[in-house]
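An overview of the molecular structure
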Amino acid sequence: MTLGVDQPWMLVLLPLVVLPWLRSPHRRTAVGSIAVVPADHLSAWLGHILRGAGALTIGLIVLALSSPYAGGRTVSRIGTGAQLVLLLDRSGSMNDTFAGRTPAGAEESKASATKRLLREFIGRRPHDLFGVAAFSTAPMLVLPLTDHQDAVLAAVNASDRRGLDFTNIARGLGMALSMFAADRPDEHHVILLVSDGGAVIDPHVQDQLRAAFARHRADLYFLFLRTAGSKGLFDTPAPGEDTPQAMPERFLHLYFQTLGIPYHAFQAESPQQVEEAIRQVDALERYPITYTERLPRHDLTGWAYALACLPTLVLLAAKLAEARITPQPQVLAVMSPRRRKAA
Amino acid sequence: MSPDVPDIHYRPRGAIASWRAGAHPSRQVGALGAFRDLVPFATYPDARRIDVRATALDPFETTMVRRFRQRAAIDVYALVDLSASLRYQGQAAKAALVRDLCVVLARSATRTGDRFGLIGCDAGMRQECFLPATARRAVSTDVAERLDPSRWAAAGMVKGGMQPGAEGLAQAAPYLAGARKMAFLISDFLLPMDLLRRVFEGLAMHDIVPVVVRDSTEEEELPDWGLLDLADLESARRRLVFMRPGLKRRWREAERARQAAIRQLAARYGRTPVTVIDRLDIDRFSRDLMEA
């Protein structure tokens, strides 16, 4: 259990706790000499208690003002599996079926099928660390690496919403890689790239990605959802068509192969094939992993105020118990205005 | 002070020795006053007081002269405690009570033919509150001005390195040197017994009249229950007191014991104290003075 405060500068006010020893909160009753008052232990004790209560009240209120909390520290945990980033294509075409049409009736879009199958996949791997990133024209960080399955499932659930514009795989990969630690050879990093289309990667971006993969040491699984009639990963080009612009998927596949990392490509043309691919990934990635996580904080401000209530009540009781040496109402004539007897 | 207020009637204890004629019995033999004795003309050659009848009756034909007890005047001094504890405000402001008492005393003294002087002391002698004995009738006005309640020392004030208190009362004796005088020692007597003893010893040759200025809120009208945050007017120290009937009883017992000790001490040096409580009743004061 760690304790901390959000606004430590408020603690500058803590020296105010000596105030009860410097000033008295009670109504002053002036007397000629307090030496005539007999010594009284009970009164002395009461004085100490009230001063203590005053100091405690001030201290607790200052503490409450500084927003104390408990917990919130980072812990190290060990899981089995891998650190797995799901990199999902959110381009508009993902909302079509494998046949390339808008889903109708019982048909399932590529995004929905992926979502359903990924949910099962996540459910089978309770100790994995999942992160979710999506990309279309720009990459989107959906969820950093975590072992909270609820959060991962929620992130995956949201992945079949209406898609956006285009497919920019390079920047998506860059973001996925940035979620891993660079200097941890004991961790096992996996990127599961789910996309239904290839994209041309600039040569200089290719070099940057290559360097990033070398630094973060991630396995790459490319799950290509092939729409009926489109080009595939493993198609042999017709003569004159062997250019990245004509066949981006093929060239992407070739580029990934040159990265020098464990790389598997799956080409799925139906939900069943997607399931099969995911099952293979599941079988391949089983490693021990350690990961760190921040525990949630517990706000103690309310407790501090509640505790401050108790001595405040004591002080209030003392204030209400204050007595006053009241002169009885009478004419404050200093002298009797009697006339002298006739001299 | 309005002229309607009666005078304070005081009588010095014992016969006084003074050349100045006045209102009080003295050891002085003179031509006026109550008849004392008959002496031969040679002893007291005052032709105005030759007693014809006694001369005629004397078998040796000696001329006899009547002698009288001269009535003399005495110097009356008010020795006033100007320490901060007299800033107490209960039923009345003690400082105002003291001022009024001194004004009436000054007027009564000068009207009786005596001289009045004022010595104010806190931690030391207060020169600005000092009036040497004078028979001037206007002295009461001077007294009223010199004993304005603002003259009393402030609480916890340390002036010129001196501690608060009434140590100056013990230094007043040289100002009362010479013939026997009447000295009204006006204070709340919330002073250390040791200091009081030294004050009384220093003034032992004079007729000391202790005047205790008290307030009923200091004893009788204390609350039965409750918290009192007491502040010492003298030292400005604070003390929290939880009043309850038991403590109130002990408090009043202690107060009574203190008063008894003061009475005992004063009686040893002459008179029992005269007490002024809450208000200045001149007639009662005069009566108490006669009984003291």
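The name an unreviewed UniProt entry gives chain B is MxaS protein, with Nitrospirillum viridazoti CBAmc as the organism.

As named in an unreviewed UniProt entry, chain A is VWA domain-containing protein, taken from Nitrospirillum viridazoti CBAmc.

**Remarks on the overall build of chain A**
Helix and strand counts for chain A come out as 9 helices and 12 strands. Within chain A, buried positions represent 44% of all 343 residues. Considering only contacts in chain A between residues 6 or more positions apart, those separated by 24 or more positions represent 82%. Split by element, the accessible area of chain A, about 18,200 Å² in all, is 60% carbon and sulfur.

**Overview of the interface of chain B and chain A**
Where interface size is given, it is often the accessible area lost as the parts come together that is meant. Contacts between chain B and chain A engage 47 residues on the former and 38 residues on the latter. Interface area lost by chain B to chain A is led by B:Q91, B:L227 and B:R239, which between them contribute 16%. Counting every contact that joins chain B to chain A gives 2 salt bridges. With a closest N to O distance of 3.2 Å, A:D40 and B:R250 form a salt bridge. Counting across the chain B and chain A interface gives 15 residue pairs in polar contact (both at pLDDT 80 or more). Elements that contribute at least two residues to the side of chain B that touches chain A include exactly helix 2 (94-112), strand 9 (226-232), strand 10 (238-243), helix 5 (245-268) and helix 6 (282-291) of chain B. Ranked by residue count, the leading element in the side of chain B that touches chain A is strand 9 of chain B, at 7 residues. Partitioning the side of chain B that touches chain A into residue classes produces 24 nonpolar, 5 polar and 18 charged.

**Description of the packing of aromatic side chains**
Residue and element names in this part refer to chain A. Going through the model one piece at a time under the given rule, you end up with 11 aromatic pairs over all chains. With centroids separated by 5.6 Å and ring planes inclined at 85°, the aromatic side chains of F222 and F256 adopt a geometry described as edge-to-face. Within this pair, whereas F222 is found in strand 9 (residues 218-225), its partner F256 is found in helix 7 (residues 248-257), the two being separated by 34 residues in sequence. In this structure, F222 and F256 share a single accessibility class: buried. Of the aromatic side chains, those joined through ring pairs into one cluster are F222, F224, Y255, F256 and Y263. Over the ring of Y69 we find R297; its NZ or CZ atom is 3.7 Å from the centre of that ring.

**Observations regarding the nonpolar core**
B:V80, B:F116, B:F184 and B:I186 are the most contacted members of the largest nonpolar core, which has 43 residues in total. Among the nonpolar cores identified, the runner-up in size contains 31 residues, and A:M94, A:L225, A:F266 and A:A268 belong to it.

**Here's the deal with the side chain of A:D40**
You can see A:D40 is positioned in the loop between strand 2 (28-31) and helix 2 (41-65). For A:D40, a relative accessible area of 10% gives the class buried. Side-chain polar atoms of A:D40 contact the side chain of A:S43, separated by 2.4 Å. Not counting residues up to four positions away in its chain, the partners in contact with A:D40 are B:R239, B:F242, B:R244, B:L247 and B:R250.

**Section: a nonpolar patch on the surface**
Residues and elements named next belong to chain A. A contiguous nonpolar patch, built from L13, L16, V18, L19, W21, L22, I61, L65 and Y305 and spanning about 800 Å² of accessible area, is present on the exposed surface. Those elements that provide at least two residues to the nonpolar patch are helix 1 (19-22) and helix 2. Ranked by the residues each element gives to the nonpolar patch, the list is headed by helix 1, at 3 residues. Of note, L22 is situated in helix 1.

**So, the packing of helix 3 (residues 110-124) of chain A against helix 4 (residues 149-157) of chain A**
Residues and elements named next belong to chain A. At a minimum axis distance of 9 Å, the contact between helix 3 and helix 4 shows a crossing angle of 170°. Considered as vectors, helix 3 and helix 4 are oriented roughly antiparallel to each other. Of the residues in helix 4, those touching helix 3 at K115, L118, R119, I122 and G123 are Q149, V152, L153, V156 and N157. For the contact of helix 3 with helix 4, a count of residues per class yields 5 nonpolar, 3 polar and 2 charged.

**Examining the pairing of strand 7 (residues 139-146) of chain A**
A regular strand places its side chains on the two faces of the sheet in alternate fashion. Residue and element names in this part refer to chain A. As judged from the 5 bridges shared by strand 6 (residues 129-135) and strand 7, these two strands associate in the antiparallel manner. Among the inter-strand pairings, F130 is bridged to a residue of strand 7, identified as T146. Linking strand 6 to strand 7, which pair antiparallel, is a turn of 3 residues.

**Looking at the layout of surface pockets**
All names here are of chain A. Counted as a void, the largest pocket has a volume near 560 Å³. P20, R23, S24, P25 and R51 are the residues nearest the centre of the largest pocket, which is lined by 24 residues in total. The element contributing the most residues to the lining of the largest pocket is helix 2, with 9 residues. When the residues that make up the lining of the largest pocket are grouped by side-chain class, the tally is 11 nonpolar, 7 polar and 6 charged.

**A few points about helix 6 of chain B**
Residues and elements named next belong to chain B. Residues of helix 6 that are buried include every one of I282, F285, S286 and L289, and no others. Across the axial projection of helix 6, the buried residues extend over an arc of 100°, all falling on one side. N-capping of helix 6 is provided by D281, with a side-chain oxygen placed 3.3 Å from the backbone N of D283.

**Concerning the environment of A:F222**
All names here are of chain A. Assessed through its relative accessible area of 0%, F222 is described here as buried. When the C-alpha positions of F222 and V194 are compared, they lie 6.3 Å apart, and in sequence the two are 28 residues distant. Once you skip the residues sitting within four places of it in the chain, F222 turns out to touch L193, S195, L233, L252, F256, Y263, H264, A265 and F266.

**Some words on the pairing of strand 3 (residues 64-72) of chain B**
Residues and elements named next belong to chain B. In this sheet, strand 3 lies alongside strand 1 (residues 21-30) in antiparallel orientation, the contact comprising 5 bridges. Residue pairing across strands places P25 opposite R71, the latter belonging to strand 3. When strand 2 (residues 34-40) meets strand 3, the two strands line up antiparallel, connected through 6 bridges. Bridged to V39 within strand 3 is V65.

**Notes on the pattern of salt bridges**
Using the criterion set out here, one finds 31 salt bridges over all chains in the structure. When salt bridges that share partners are traced, they join A:R27, A:K319 and A:E322 into one network.

**What about empty space enclosed by the protein?**
According to the stated counting rule, one finds 4 cavities of 30 Å³ or more in the structure shown. In this structure, the largest cavity spans a volume of roughly 120 Å³. What lines the largest cavity is a set of 18 residues, and nearest its centre among them are A:G32, A:V36, B:L190, B:E218 and B:E255. Sorting the residues of the lining of the largest cavity by element identifies strand 8 (207-214) and helix 5 of chain B as the ones contributing at least two each. Examining the composition of the lining of the largest cavity, we find that 4 residues originate from one element, helix 5 of chain B, more than from any other. Partitioned by chemical class, the residues of the lining of the largest cavity number 8 nonpolar, 4 polar and 6 charged.

Calculation criteria
- Residues numbered from 1 in each chain as written.
- Chains lettered and ligands numbered in written order.
- Predicted model: local features only at pLDDT ≥ 70, side-chain atom pairs only at ≥ 80, totals over all residues.
- Heavy atoms only, no water.
- Helix = DSSP H or I, 4+ residues; strand = E, 2+ residues; numbered from the N terminus.
- Buried < 20%, exposed > 50% of the residue type's maximum accessible area, 1.4 Å probe, protein only.
- Contact = heavy atoms within 4.5 Å.
- Areas by Shrake-Rupley, 256 points an atom, 1.4 Å probe, with all protein chains shown as cover.
- Buried area = accessible area lost by both parts, 1.4 Å probe.
- Salt bridge = Lys/Arg side-chain N within 4 Å of Asp/Glu carboxyl O.
- Polar contact = N/O pair within 3.5 Å; in protein donor to acceptor, adjacent residues only side chain to side chain.
- Nonpolar A, V, L, I, M, F, W, Y, C, P; charged D, E, K, R; others polar.
- Phe/Tyr/Trp six-rings, centres within 6.5 Å; stacked < 30°, edge-to-face > 60°.
- Lys NZ or Arg CZ within 6 Å of the ring centre and 35° of its normal.
- Core = buried A, V, L, I, M, F, W, Y, C linked by side-chain atoms within 4.5 Å.
- Patch = residues over 30% accessible without salt bridge, like charges linked within 9 Å, V, L, I, M, F, W, Y side chains within 5 Å.
- Axes fitted to C-alpha atoms, helices over the stretch in contact; angles between N-to-C directions.
- Parallel < 35°, antiparallel > 145°, perpendicular 65-115°, else oblique.
- Pairing = 2+ DSSP bridges.
- 1 Å grid on protein atoms, 1.4 Å probe; cavity = no way out; pocket = protein on both sides within 12 Å on 5 of 7 lines; lining within 4 Å.
- Points joined across faces, edges and corners; volume = space filled by probe spheres on them.
- Arc of directions from axis to C-beta.

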